[in-house]
Amino acid sequence: MPELPEVETTRRGIAPHVEGREIVEVIVRQPRLRVPVPGDFSERLVGARIGMLSRRAKYLLLPIEGEGEGEGEGEGAGSLIWHLGMSGSLRIARLGDLPKTHDHIDLVFADGAILRYHDPRRFGFVDWLAGGADCDPRLANLGPEPLSEAFDGERLYRLAQGRRIAVKPFLMDNAVVVGVGNIYASEALFLAGIDPRRAAGRISRERYERLAVAVREVLAAAISQGGTTLRDFVSGTGEPGYFKQRLNVYGRHGQGCRRCNAELRLVTLGQRASVFCPTCQR
Ligand code: ZN
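Residues numbered from 1 in each chain as written. Predicted model: local features only at pLDDT ≥ 70, side-chain atom pairs only at ≥ 80, totals over all residues. Heavy atoms only, no water.

**With respect to the nonpolar core**
- Among the nonpolar cores identified, the biggest contains 29 residues, and F41, L45, L80, W82, I105, L107 and L115 are the most heavily contacted of them.
- The leading source of residues in this core is helix 1 (residues 4–18), at four residues.
- F151, F170, I203 and Y208 belong to the second-largest nonpolar core, a separate cluster that totals 28 residues. (Core = buried A, V, L, I, M, F, W, Y, C linked by side-chain atoms within 4.5 Å. Buried < 20%, exposed > 50% of the residue type's maximum accessible area, 1.4 Å probe, protein only. Helix = DSSP H or I, 4+ residues; strand = E, 2+ residues; numbered from the N terminus.)

Structural data, given as structure tokens:
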């Protein structure tokens, strides 16, 4: 599943090919995504330009400047909000690159580049976002970005007071901090030496400081590794290669801890599989 680093890498990968470009054609082969593709999608987009891409949590935001019909040139018309769901990917294709199965949407640009959306499981979606991002209920109540200054150990400590929820689902709560999915929560808790089952309200400020640093570390490492795969976003064949990093615990239950060689254990927390080292994490 695409997590924050993959979405950020997608943003960086496609931005140079779509920003400032005029959309000349929109092809929707399959409108039944998690949210149905808006019926007026093509009318609103053809003739418009894409502004500067941004990301909020795991949402990609593509500002649309100057709508195709009616609106004047250059007016801030709104944005597309794009979520990759469980299996979605965006890549750049060229005119003549034939779509494959599950290539549901093409935005064709005047220079012949195509932004192509692929999603076998169709849990992703693209929708119209009118007005500012803060007005949209999907974005309004999100916690801070994990790589921003608004996220730190003090915030975790403060929000955890009195909470009995296990620290791992607490860390994965988008109201606490956005974009920390199962892989990165598991890895950060290992780096910080914190047992994922521990009650969030029973962790010291110092340990939360370590956890916040670990969250930043694992996400930043994944994003910088993703940078080496950016060229994969421009190809008619294959999908963007989501990066395989060297993981310490995620997906490794039953194997030896890289630090102490104890057998890594698997528990279920908040309906998610969680792997941890019973020796290194307390
Ligand atoms: Zn260990």
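**Notes on the coordination of the zinc ion**
- C257 (SG), C260 (SG), C277 (SG) and C280 (SG) make up the full set of protein donors to the zinc ion, lying at 2.2 to 2.4 Å.
- Residue C257 is classed as buried on the basis of its relative accessible area of 4%. (Donors = N, O, S within 2.8 Å, 3.2 Å for Na, K, Ca; no water.)

**Topic: the confidence of the model for the protein**
- Counting all residues, the mean pLDDT for the protein is 90, and 88% of those residues have values of 70 or more.
- The low-confidence segment residues 70–75, where pLDDT is below 50, has seven contacts with residues more than four positions distant or belonging to other chains.
- When the criterion is pLDDT under 50, residues 235–242 qualifies, and its contacts beyond four places in sequence or with other chains add up to 21 contacts. (pLDDT = per-residue confidence, 0-100. Contact = heavy atoms within 4.5 Å.)

**Side note on the packing of aromatic side chains**
- In the structure shown here, the tally under the stated rule is three aromatic pairs.
- Each ring, one from F170 and one from Y208, has its centre 6.3 Å from the other, and the planes form 55 degrees; the classification is tilted. Here F170, found in helix 5 (residues 167–171), pairs with Y208, found in helix 7 (residues 205–226); they are 38 residues apart in sequence, far enough to count as distant. Neither residue differs from the other here; F170 and Y208 are each classed as buried. (Phe/Tyr/Trp six-rings, centres within 6.5 Å; stacked < 30°, edge-to-face > 60°.)

**Quick look at the pairing of strand 7 (residues 103–109)**
- Within strand 7, seven of the seven residues are buried, which leaves the element mostly enclosed by the surrounding structure.
- Pairing geometry for strand 1 (residues 23–28) and strand 7, over five bridges, is antiparallel. Within the sheet, the bridge partner assigned to I27 lies in strand 7 and is D106.
- Bridging between strand 7 and strand 8 (residues 113–118) involves five bridges; their strand directions are antiparallel. The residue of strand 8 that forms the bridge with D106 is R116.
- Counting the residues in the hairpin turn of strand 7 and strand 8 gives three residues, including G112, whose phi is positive at 95 degrees. (Pairing = 2+ DSSP bridges.)

**A few points about the sheet that holds strand 6 (residues 89–94)**
- Pairing is antiparallel across the open sheet formed by four strands, whose spatial order is 1-7-8-6. Since the sheet does not close on itself, it has two edges, and those belong to strand 1 and strand 6, each with one partner. Looking at each pair of strands side by side, their axes are set apart by 20 degrees on average, direction ignored.
- Pairing of strand 6 with strand 8 involves six bridges; the strand directions are antiparallel. Note that in strand 8 the partner of S89 across the bridge is H118.
- Seen against the sheet, helix 1 touches strand 6, strand 7 and strand 8 and runs at an angle of roughly 30 degrees to strand 6. (Axes fitted to C-alpha atoms, helices over the stretch in contact; angles between N-to-C directions.)

**A few points about the environment of N141**
- Looking at where N141 falls in the secondary structure, it is placed in the loop between helix 3 (137–140) and helix 4 (153–160).
- Along the backbone, N141 and V176 are 35 residues apart, and their C-alpha atoms lie at a distance of 9.9 Å.

**Notes on the pattern of salt bridges**
- Inspection of the entire model under this criterion finds 14 salt bridges.
- Two residues, D195 and R197, come together in a salt bridge whose shortest N-O distance is 2.8 Å.
- For D195, a relative accessible area of 10% puts it in the buried group.
- Here the residues in one salt-bridge network are E8, R11, R12, R55, R56 and E145, joined through shared partners. (Salt bridge = Lys/Arg side-chain N within 4 Å of Asp/Glu carboxyl O.)

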